[in-house]
Every structure is written in C-alpha cells, then in structure tokens.
Amino acid sequence: MTMLDYGPDAILMAGLDGENWRLADYEARGGYAALRTLLTSGGTPEGVIAELKKSSLRGRGGAGFPTGLKWSFMPRQLPGAKYVVCNSDEGEPGTCKDRDLLRYNPHAVIEGMIIAGFAMSATAGYNYIHGEVWSVYERFEEALEEARAAGYLGSRILGSDYSFELYAHAGYGAYICGEETALLESLEGKKGQPRFKPPFPASFGLYGRPTTINNTETFAAVPWILRNGGERFLELGKPNNGGTKLFSVTGHVNRPGNYEVRLGTPFAKLLEMAGGVRNGNRLKAVIPGGSSMPVLPADVMMATDMDYDSIAKAGSMLGSGAVIVMDETTCMVRALERLSYFYYEESCGQCTPCREGTGWLYRMVHRIEEGQGRVEDLDKLLSVADNIAGRTICALGDAAALPVKSFMRHFRHEFEYHIEHRRCMVSGVDIEPRWGRAGARGAPSGVVTAAGVLGQAA
Ligand SMILES: Cc1cc2nc3c(=O)[nH]c(=O)nc-3n(C[C@H](O)[C@H](O)[C@H](O)COP(=O)(O)O)c2cc1C
Ligand code: SF4
C-alpha cells in the first residue's frame, strides 16, 4: 500500500495509506489513548482546557481564534443540554483538507469531539459535513458505528460517568452554511441564514442551548495534544501559532494537494513541496488562505512564512489554509470576476449591503472584463467594497469586499489597461463579450472552485 504523502512533518496525517482509517488502525497509531487516560485517570475539564491553552492551538476554520479560550467560554455548570458541533462544511473555494481528514483519519475527529464534549460538559455532538461529498459522510457514519460499538460513544463511556452521543449530518450545499450560526439554523432544519450576534453560540447555540463550534482540523488536533502535551504541539509551530497546519495548495503548481507543515514554514518551502510553479512559469500572486482572503503579490509571498501572524503582517490572512497559486499567465481581472461571481451567487440576501453590493461588484468587474468598463468604475468598486465591509450580519460581506480591495491595491494597472485598451494585458487578446449582456446573471461555466478561478489561464 502506498503511503499518502502529506509531507515529512505531518502529525495528523502521518502514517495514512488511504485504507487504514478503521478503528483498529487508529488505535494502533495511539488513537483513543488520550480519551482513555482522561476518563480513567482522573482527568478534568479544566486540565484539558489548560493543555489546549498551552498548545496555542488556533481554530483552523478561518478566523484562527484560540481554541482553549473558546472552550472556556462554555457555561459548563448550566444544567441541561449543551452541544459541540464540528464544522465540516468546507465550502471556501480552494479548501479541500477536511474531507481528507474525514476520509482517511475520521477517528481523530471523533476522539477530538468526545474530548471536547468532556471538557465542556456537552451532552451531544454533531458533525455538519459538506453534502456534496457523500462518500465522506458515509465513511464518517461507519467510523461512528465502530466507535459506538467499542464503547467510546454512548452512555457511561469506558465505564466513567461521562456520556456523550455524536451524530453526522449532511449539509445542504450552500457556502453560507459554513458560517457558524447559519450552520446551526441549517442543523435545526431551517433555511441556512446567519443569526444576529450577540447572543453568541456559547450562550444561545443549537436549539437555543450553549454550543461550541470548531472546524474539523481543530478537533482532529486535540487527541495529539493530549497525548503528547500542549508544549510539544506549540514547539512544532511558533509562539501564538502552535502545531502543524494542513494547507490545500491549488492552482498553477505541478503537484496540487494537501500538505501538512509546521506553522511558520516559509511559503517558498510549501511551494516547493507542491512541485513549484507549473511549466517553469513565474509566480505572479497567491491567495494564501482561501478565496475570501486578500491576494498577495509573488515577492511578498516568497518572503512570508505560513502562520497566522506572519501572513497577517504581510497583509492577508491564513484563513482556512487554502493556498491558491497564480502564475504569470493569470489575468487578474478575470480571476476577480470569478471570485466576485461566487460571492454574488452565495450571498444569502438577508442584508442589503451584501445582497445588493455583491451584485454591484460582480457586474462592474464583469463589464471591465467584457471590455465595457469605465474609468470611474475602479473607484466605484472600492467605494462599494467599503460600503459592504463591516456593515453586514456575517463575514461573507467582508469576504466579498476583501478580494476586490486587494486586487485593486496590487493589480490596479491590469484593470486600467483592460478599460483603456479593451484588451487583456496578460494575453494581449482583444476583448470579446463572452456571456452576453454585461450585468446579466449568466454564470461563468462550471462551479467556482479554485480550478475554476484559475482555469482560464490553463
Ligand atoms: C461565509 C462563511 C463560511 C464559512 N465556512 C466555514 C467552513 O466551511 N468551515 C469552517 O470550519 N469554518 C467556516 N467558517 C467559519 C465559521 O463561522 C467558524 O468561525 C469556524 O467554524 C470556527 O471553528 P474554529 O474556531 O475551529 O476555526 C465560515 C465563515 C463564514 C463567514
Ligand atoms: S452578509 Fe451576506 S451572507 Fe451574511 S447574512 Fe448578510 S446577506 Fe447573508
């Protein structure tokens, strides 16, 4: 059996070959030892949370919020139902790591969630899984069955006083359902639309009960931390950025895929692991954390390390760890048009700045790409983006605005060239209208994935 190659520093994905996902394999790798020790040797919720704080584990779903701190917000003493929820919605263009975790190492996520339940005195957990990847859902269900049969789930786990049940739930395919409160609405069987906050899920979550939501990778890291100690996890990364991180490297590289590296690894090293830029082309730009994050030019990326603080210092965000690589053949107008269409299409429509503004952004970039742009469009784009960011119920508004602002900051000259010459600066090709009337809601063909964003340059 060939080993899956996530890189030499992998800990979450170490020793996986695609077949050894079952309970017995996981136990042979040391799995469920952390849970067993916790429940049979007098472990406490406070002890778990202290270890997580020591580890400097930050949420792997996007915002990078410290996990130990988040868990400490749960009102553990409150009687009645409390929940932990795993966010495996994974709809961010470019991101494809959680499905690998669930497919190849599902018990790490299950054990992480059971430990989370113990640390926060939760009664049950749910894993909200990206609905389009059905095989992943089925795999997780199978793993749950194994865990139940072995006594790791259910009442009085491993003979202790702790009882916890865990369920899988197939998501409905909307990107917005990855936003934590939209996810809760969807889990309750309602339309997946974000809630106003406060109240936050820690006080009013699933069915109005205290709830903690974490990303799949966040939960998967917990058993390793308890087995090896928070300090060791921290040492794998750097201060304030503990551990390893799975990066989904896509776009114009020779070996696209998921790579698990220590936080703080130079981007240049990650690019090398992914086989370098395709065809020996020059690197042009990188979106380092999923399509919602600001794009950075090649020289900035080549001087940046892959951790939360370094990427923030460079002017972007680590986000979900989806690294979208663009080479010199990429037309930035077309790339932004693709991204803007995605947010226009995925806006849930609750708030006016997002519902209307995403349409404005898309239509303006579309007409520039179509050769019908006007000089004043560029400032108008920035003004619309400014009027969306920070004025909406959820962060999808910011996610739509940030790419526009960063493309304009670093590649404005390409947009100006399109408008002035009605020709693409990169390909040198005169612009022909492609999807009919500018502003029509005609979709670019295909689904907007990282490949879709970049497909035009292939
Ligand atoms: C539009 C939108 C989509 C999101 N999609 C995801 C997602 O697919 N997976 C995820 O873990 N977090 C997603 N998030 C972030 C979640 O709201 C939440 O912050 C995260 O699940 C918390 O987990 P963490 O602390 O472990 O990162 C999304 C946020 C927004 C605004
Ligand atoms: S920002 Fe957009 S996606 Fe979020 S709640 Fe408002 S309309 Fe919906």
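Here the structure is a predicted model, which is why all the values come from computation and not from measurement. (Residues numbered from 1 in each chain as written. Chains lettered and ligands numbered in written order. Predicted model: local features only at pLDDT ≥ 70, side-chain atom pairs only at ≥ 80, totals over all residues. Heavy atoms only, no water.)

### Re the layout of surface pockets
Here comes step 1: Volume-wise, the largest pocket comes out at about 1,300 Å³.
Here comes step 2: Every residue lining the largest pocket is counted, 45 residues in all, and those nearest its centre are Gly61, Gly62, Ala63, Gly178 and Glu179.
Here comes step 3: Those elements that provide at least two residues to the lining of the largest pocket are strand E4 (211–215) and helix H17 (396–421).
Here comes step 4: The element best represented in the lining of the largest pocket is E4, accounting for 5 residues.
Here comes step 5: The class makeup of the residues in the lining of the largest pocket is 17 nonpolar, 17 polar and 11 charged. (1 Å grid on protein atoms, 1.4 Å probe; cavity = no way out; pocket = protein on both sides within 12 Å on 5 of 7 lines; lining within 4 Å. Points joined across faces, edges and corners; volume = space filled by probe spheres on them. Helix = DSSP H or I, 4+ residues; strand = E, 2+ residues; numbered from the N terminus. Nonpolar A, V, L, I, M, F, W, Y, C, P; charged D, E, K, R; others polar.)

### What to know about the site of ligand 1
Here comes step 1: Around ligand 1, 20 residues are found, and the nearest of them are Gly61, Lys70, Glu90, Asn215 and Thr218.
Here comes step 2: Within the contact set of ligand 1, an oxygen atom lies 3.4 Å away from a backbone nitrogen or oxygen of Arg60.
Here comes step 3: Backbone polar atom of Gly91 to an oxygen atom of ligand 1: 3.5 Å apart, as the coordinates give it.
Here comes step 4: The pocket occupied by ligand 1, as judged from atoms lying within 2 Å of grid points, is the largest pocket.
Here comes step 5: Looking at the shell around ligand 1 element by element, the count peaks at 3 residues for E4.
Here comes step 6: Classifying every residue of the shell around ligand 1 gives 5 nonpolar, 9 polar and 6 charged. (Near = heavy atom within 4 Å. Polar contact = N/O pair within 3.5 Å; in protein donor to acceptor, adjacent residues only side chain to side chain. Sits in = over half its atoms within 2 Å of the grid points.)

### Examining the side chain of Asn20
Here comes step 1: The residue Asn20 is located in the segment before helix H1 (23–28) in this model.
Here comes step 2: By relative accessible area, which is 12% here, Asn20 ends up buried.
Here comes step 3: Among all residues touching Asn20, those that are not within four sequence positions of it are Gly15, Asp25, Arg29 and Tyr104. (Buried < 20%, exposed > 50% of the residue type's maximum accessible area, 1.4 Å probe, protein only. Contact = heavy atoms within 4.5 Å.)

### Points about the site of ligand 2
Here comes step 1: The environment of ligand 2 is made up of 13 residues, and the closest members are Cys348, Gln350, Cys351, Cys354 and Cys394.
Here comes step 2: For ligand 2, the cavity whose grid points lie within 2 Å of the majority of its atoms is the largest cavity.
Here comes step 3: In terms of residue class, the shell around ligand 2 is made up of 8 nonpolar, 5 polar and no charged.

### Remarks on the environment of Gly189
Here comes step 1: Relative to the assigned elements, Gly189 resides in the loop between helix H8 (180–187) and E4.
Here comes step 2: Along the chain, Gly189 and Ala335 lie 146 residues apart, while their C-alpha atoms are 35 Å from each other.

### Points about the pairing of strand E5 (residues 244–251)
Here comes step 1: Among the 8 residues in E5, 7 count as buried, and that is most of the element.
Here comes step 2: One ladder, built from 6 bridges, connects E5 with strand E6 (residues 257–262); its direction is antiparallel. Bridge assignment links Val249 to a residue of E6, and that residue is Gly257.
Here comes step 3: Following E5, the chain reverses through 5 residues before pairing antiparallel with E6.
Here comes step 4: With 4 bridges connecting them, E5 and strand E11 (residues 322–327) associate as parallel partners. (Pairing = 2+ DSSP bridges.)

### Regarding empty space enclosed by the protein
Here comes step 1: Under the definition given, this model contains 2 cavities of 30 Å³ or more.
Here comes step 2: Roughly 90 Å³ of internal volume is contained in the largest cavity.
Here comes step 3: Around the largest cavity, the lining comprises 13 residues; the ones closest to its centre are Cys348, Cys351, Cys354, Cys394 and Leu396.
Here comes step 4: Ser88, Glu90, Asp98, Arg99, Leu102, Ile129, His130, Val133 and Val136 are the residues that line the second largest cavity.
Here comes step 5: Grouping the amino acids of the lining of the second largest cavity by side-chain chemistry returns 4 nonpolar, 2 polar and 3 charged.

### A short note on the packing of aromatic side chains
Here comes step 1: Counted under the stated rule, the structure contains 17 aromatic pairs.
Here comes step 2: Between Tyr341 and Tyr362, the ring centres sit 5.0 Å apart and the planes meet at 70°, which makes this aromatic pair edge-to-face. A residue pair is termed long-range when its members are at least 10 positions apart, and Tyr341 in helix H14 (residues 332–346) and Tyr362 in helix H15 (residues 352–369) qualify at 21 residues. Exposure class is identical for Tyr341 and Tyr362. Each is buried.
Here comes step 3: Between Phe342 and Tyr343, the ring centres sit 5.0 Å apart and the planes meet at 85°, which makes this aromatic pair edge-to-face.
Here comes step 4: A cation sits over an aromatic face here: Lys245 above Phe247, 5.8 Å from the ring centre. (Phe/Tyr/Trp six-rings, centres within 6.5 Å; stacked < 30°, edge-to-face > 60°. Lys NZ or Arg CZ within 6 Å of the ring centre and 35° of its normal.)

### Overview of the sheet that holds E6
Here comes step 1: The strand order across the open sheet formed by 5 strands is E6-E5-E11-E8-E9, and the pairing between neighbours is mixed. The open sheet has two edge strands with one neighbour each: E6 and strand E9 (296–297).

### Notes on the sheet that holds strand E1 (residues 83–88)
Here comes step 1: Here we have 4 strands laid out as an open sheet, ordered E3-E2-E1-E4, and parallel in their pairing. A strand with exactly one partner marks an edge of an open sheet, and here the two such strands are strand E3 (165–170) and E4. Strand-to-strand twist in this sheet, taken as the mean axis angle between neighbours without regard to direction, amounts to 20°.
Here comes step 2: Two strands pair when backbone bridges link them, and strand E2 (residues 124–129) and E3 are joined in this way by 6 bridges, in the parallel orientation. Directly across from Ala124, in E3, lies its bridge partner Glu165.
Here comes step 3: Where helix H6 (residues 106–119) meets the sheet, its contacts fall on E1, E2 and E3, and the angle it forms with E1 comes to roughly 150°. (Axes fitted to C-alpha atoms, helices over the stretch in contact; angles between N-to-C directions.)

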